[in-house]
Amino acid sequence: MTDLASDPTTVDLFALAPELSVVVAALLILLVELALTGERKRYVNLIGLVGVVAALAFTVALWADIGDGARAAFGNAFVVDAYALLFKGLFLSVALFVLLLSYRYFSEFRTYQGEYYVLLLGSFVGMMLMVSARDLVMLFVALELVSIPGFVMAGLRKFDLRSNEGALKFFVMGVLSAAILLFGMSVVYGVTGTTDLAGIAVALETGERLPLLLAAVLFVIVGFGFKISAVPFHFWAPDTYQGSPVPVTAFLSVASKAAGFAGLLQVTFVAFAPLADVWAPVLGVLAILTMSLGNLLALQQTNVVRLLAYSSIAHAGYMLVPFGVATATDAALNSDAFRAVLIYLIAYAVMNSGAFAAVTAVTRSQPSRLVADYAGLGRRSPGLAAALSIFLLSLGGVPPLVGIWAKFFVFSVAVEAGTAFGLVLAAAVVLNTVVAMFYYLAVVRTMWMDEPTVEEPVAPGKALGFAVGGLAVLTVVLFLGIGVFTDVAGVSTLVASG
Amino acid sequence: MSWEQSAITITVALPLVGAAAVALVPRRNEDYAKVLALLVSIGGFALSLAILVGYDWSERGLQYVASVPWIEPAGISYTVAIDGISLPLFVLSYLLTFLCAVYSFHHIEEPGRPKAFLSLMLLLQAGMAGTFIAFDLILFFVFWELVLVPMYFMIGIWGGPNRQYAAIKFFLYTLFGSVFMLVAFLAVYFAAPERTFDLVALQQYGAAGEFAIGFQRLAFLGMFLGLAIKVPMWPFHTWLPDAHTEAPTVGSVLLAGILLKMGTYGFVRIALPVLPDAAVEYAPLIAVLAVIAIIYGALACLAQSDLKRLIAFSSVGHMGFVMLGIATLTPLGINAAIFGMVAHGIITGMLFFLAGTIKERYHTREIAALGGGMLKTTPRLGAVLGLVAIASLGLPGLAGFWGEILALLAAFNPAPELVAAGWLTLYRVLVVFGAVGTVLTAGYFLWMMQRVLMGEPPERWVAAPPEDVSPIEWGAWAPLLVLTVALGPLPFLVTAITDADVTSIMSAFGA
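(A) Region of interest: helix α22 (residues 471–486) of chain B. Residue and element names in this part refer to chain B. Helix length check: α22 (16 residues) gives 22 Å between terminal C-alpha atoms against 22 Å at 1.5 Å per residue, within 8%. Maximum bend of α22: about 40°, positioned at W477, with proline P479 one to four residues after it. Every buried residue of α22 is listed here: E473, A476, W477, L480, L481, T484 and A486. The inward-facing, buried residues of α22 contact α3 (86–106), α14 (331–362) and α17 (379–392).

(B) Summary view of the layout of surface pockets. All names here are of chain B. In this structure, the largest pocket spans a volume of roughly 1,700 Å³. Per element, the largest residue contribution to the lining of the largest pocket is eight residues, and it comes from helix α1 (residues 3–23). Here the residues of the lining of the largest pocket are counted per class, giving 35 nonpolar, five polar and five charged.

(C) The interface of chain B and chain A, seen in detail. Contact with chain B, which involves 33 residues of that partner, is made by 35 residues of chain A. Across the interface of chain B and chain A, roughly 3,200 Å² is buried in total on both sides, 80% from carbon and sulfur atoms. Its largest share of buried area at the contact with chain A, chain B owes to W70, P73 and Q164 of chain B, together 15% of the area lost on that side. Linking R195 of chain B and E416 of chain A is a salt bridge whose minimum nitrogen-to-oxygen distance equals 3.4 Å.

(D) Quick look at unusual backbone geometry. For the bond from P399 of chain A to P400 of chain A, the omega torsion is 5°, close enough to zero to count as cis. Inspection of the secondary structure puts P400 of chain A in the loop between α15 (382–396) and α16 (403–417). The peptide bond linking V231 of chain B to P232 of chain B adopts the cis configuration, its omega dihedral lying at -10°. Of note, the phi angle at R369 of chain A is positive, near 65°, even though the residue is not glycine.

(E) Spotlight on the pattern of salt bridges. Here the structure, examined in full by the defined rule, presents 21 salt bridges over all chains. With a closest N to O distance of 3.1 Å, D81 of chain A and R134 of chain A form a salt bridge. Taken together, the residues span a long stretch of sequence, with D81 of chain A in the loop between β2 (78–80) and α3 (82–109) and R134 of chain A in the loop between α4 (113–132) and α5 (136–154) at a distance of 53 residues. Taken as a pair, D81 of chain A and R134 of chain A share a single burial class, namely buried. Linking E281 of chain B and R217 of chain B is a salt bridge whose minimum nitrogen-to-oxygen distance equals 2.7 Å. Placement of the pair is E281 of chain B in helix α12 (residues 276–302) and R217 of chain B in helix α9 (residues 213–230), with a sequence separation of 64 residues. Judged by relative accessible area, which is 39%, E281 of chain B ranks as partly exposed. Here R217 of chain B falls in the partly exposed class, since its relative accessible area comes to 38%.

(F) The packing of aromatic side chains, seen in detail. Residues and elements named next belong to chain A. Counted according to the given criterion, the structure contains 50 aromatic pairs over all chains. Residues Y318 and Y344 carry aromatic rings whose centres are separated by 6.3 Å and whose planes lie at 40° to one another, so their mutual orientation is tilted. Here the residue Y318 occupies a position in helix α12 (residues 304–324), and Y344 occupies one in helix α13 (residues 331–365), the gap between them amounting to 26 residues. The pair Y318 / Y344 is uniform in exposure class, with both members buried.

(G) A look at empty space enclosed by the protein. Residues and elements named next belong to chain B. By the definition in use, this model includes six cavities of 30 Å³ or more. In terms of lining residues, the largest cavity is bounded by 14 residues, among which H318, G340, H344, G400 and E404 are the most central. Sorting the residues of the lining of the largest cavity by element identifies α13 (307–327), α14, α17 and α18 (400–412) as the ones contributing at least two each. Here the residues of the lining of the largest cavity sort into six nonpolar, seven polar and one charged.

(H) The pairing of strand β1 (residues 63–71) of chain B, seen in detail. Residue and element names in this part refer to chain B. By the bridge criterion, six bridges tie β1 to strand β2 (residues 76–82) in an arrangement that is antiparallel. Paired with Q63 across the bridge in β2 is I82. Linking β1 to β2, which pair antiparallel, is a turn of four residues; within it G75 sits at a positive phi near 75°.

(I) How the structure looks around the environment of G257 of chain B. All names here are of chain B. Looking at where G257 falls in the secondary structure, it is placed in helix α11 (residues 249–274). Classification of G257 as buried rests on a relative accessible area of 0%. When residues no more than four places from it in sequence are discounted, the contact partners of G257 are L92, L96, S252 and G345.

(J) Quick peek at the environment of A293 of chain B. All names here are of chain B. Tracing the chain through its elements places A293 in helix α12. In this structure, the C-alpha to C-alpha distance between A293 and V316, residues 23 residues apart in sequence, is 6.1 Å. Excluding residues that lie within four positions of it along the chain, A293 makes contacts with W234, V316, G317 and G320.

Basis of the calculations
- Residues numbered from 1 in each chain as written.
- Chains lettered and ligands numbered in written order.
- Predicted model: local features only at pLDDT ≥ 70, side-chain atom pairs only at ≥ 80, totals over all residues.
- Heavy atoms only, no water.
- Helix = DSSP H or I, 4+ residues; strand = E, 2+ residues; numbered from the N terminus.
- Expected span 1.5 Å × (residues − 1).
- Bend = angle between axes of the 7 residues up to and from the residue.
- Buried < 20%, exposed > 50% of the residue type's maximum accessible area, 1.4 Å probe, protein only.
- Contact = heavy atoms within 4.5 Å.
- 1 Å grid on protein atoms, 1.4 Å probe; cavity = no way out; pocket = protein on both sides within 12 Å on 5 of 7 lines; lining within 4 Å.
- Points joined across faces, edges and corners; volume = space filled by probe spheres on them.
- Nonpolar A, V, L, I, M, F, W, Y, C, P; charged D, E, K, R; others polar.
- Buried area = accessible area lost by both parts, 1.4 Å probe.
- Salt bridge = Lys/Arg side-chain N within 4 Å of Asp/Glu carboxyl O.
- Phe/Tyr/Trp six-rings, centres within 6.5 Å; stacked < 30°, edge-to-face > 60°.
- Pairing = 2+ DSSP bridges.

Listed below in structure tokens is the structure:
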């Protein structure tokens, strides 16, 4: 990327426009919320919507502008390329969705509306910065910007002890992992003399493999392991998910996790690519542990949110599989592994958001969130039950739903590696797919085959109904049209090759 | 787009569209769903017949080919075609669905809800038909998996007392095997000289010996797991008696009639031609398992007290004959296998219809509770059951005969590779055991007939004889009964369709 300005003081406002419009919206919300009273406070949601839509528009404009190239600001610390824009589009879509989900939830909830929306948007700014960050310092700032509002949002249900517990665990784990991450980064900087990701790769290519350096690389990975709730850094997730307001849970399990994976992609496939033989086996083993433990624990859950929490841990495990087969030498394989993670994240965002949206809808009439509450939902609200079945079956990986492609590309890259370890990973995913199907089907069975305990249908409301229906359609349509993203992902692998 | 290129797509898409349309029928007019589903299934059957008639018999080979790239970076394409091996099964799947739609006019199990039931049936139909015409491995896999969800719901909602257990067992067992199969497909993709999922190209690579034997062993194992569970071969059969026994009548008919054939078809279409060297190594094992299935199925049948469970176990034995035919790796064996698949689809489909009707009329399927004398209480129903049971036990002159006798005949002279590898004695021993199996099969069917059809009926059936076969049932059954009788003296109705393509697909062996 030598053609880009390397002066750290240059600012390309156009390149920053998506982030800026979200920041402006967040600041406006702070101001306007003070002026509004009572019921009206909920209208700040609309400001957020406008800001996010504007950011999406800028993202599309940037897409048209850069073509196959890239724009940069602050030297090369902030880069806008196809990869970054794909993720920004994903994050902003999820933001739109979370705003839809939050509107009624928080207008009924009544407290801290303005604060919630500011925190939420702030966190999304962090994610957008994350995918453009090509510098360790920028990455760290972005990661903290994602995490810190999350700590507060997780604790918003102050009256609920579980929420307090979840938020505290989240905070303690988050701070601990941030400290480890920062320590790792400082050592990497000390050894390589640069914080630029591409520069680190160049330095690692030739430099000596000090044990301290290898440890530091693992420290950095640990930092992201927390964010993606990989075993053994997953302890916070179920409690935090259960304690948080459902829209926040959706946010944590989809957007925040995707941001963690984006960061992990950048440090592993760009900065630490020459050391792939060190980190790949570690991440591969973590992948097996994460998916197996997530699924086995999910089997025992009677609470839907906890079930989805463990299922999302398991999915993090599947997404780690492509990391596990990366190599220091085979660029084509790395690029396919990179693509597999991207496709998985897109598919996962759609189906998991959908599942949480449907759960939010049911929670409205039955707040206890137990699987048993879903008995006979197919009789009471066939549309909602059908949508939730689609999301769950898609998470399980059954055609004709988008989830099968997520699994397909993971299998594909594991087999392509052609190593025994690759086959072990593939076999682990096969076994876990079957185990996971059991608990997804348990919920589906409850919905369609058990007698309802209450008769009245679930009324999700317009915004939520729209979100659920739209995502269900998207889950089917993307099964047919996933090709759109495989092409884009191909372009974005420019990142992978440095 | 011409008819030639779009025929298959239209025919497979029709039930999909129909499923959506049926699901959208308003709830207050649920009975319209039956009419709509019947029309869709008639349309589908007519289209499949049009394909059969339009097939160019002088040319042979793949016809109605259509190929469009689907997910290009991953090498996945939408490639469909049909040949003599696919045709009988493809048409049979439409015929059975059509008959099931007719039967549903007469009876749908509790809790009714024809709209949901028929919508699922049509979805199932699309998956079944698609499996037989997909010529891209991933497309094949997608159709293959497509049948899981509708069948799961069919068993789980409309099934018998133990339905939920049976449904989830069916789903998870099949899923387990098929995901391994997917991994094997991917392995083949990456091992091919030019990466492709295209089945025709892969068959050429297979015939040219492009795949190393070590690789073939592993890949074949993966495919074997997926296909063998679906067939199901002993010892992977345990899901089948549960699923069959609990499933509603339509579910059992389609499960036995078509779904099981997807597994055996996969062996013929994919596993053998793409991985011929591994097939030679695995064939004796498959043959042994097949014969165990024949004997085991027959013995298990002797122990059954439930009529439907007896028919379910008889499927294990019959599919054993099909697998024995395949394991000979000879054109004769494969022809026998395909004939066996078609005959089993017709006969066992018919038997499950009968089991459903008996349960509905007599409110029991327990052979002891039925108590005999059916020929006196409901003479027509009894006569039909007698005819079909005799066909199923393989009496010469009826459809069930050829599949079994030709498979045994083929096993007497397996492919030259197998003889060269010293397996001839094994195969000839297996022929003997297979023949014993046919005797046992005749034994349990005759015993069943003796207990159900013959003798004096119990007092309660004499006092109030159940209704005999209804006109709708005659309508649903007549085509199957005609085929059962016709395929006996006229086996070439099937073999004339299959033989040329079987010979060409098996050219990798015995040359």
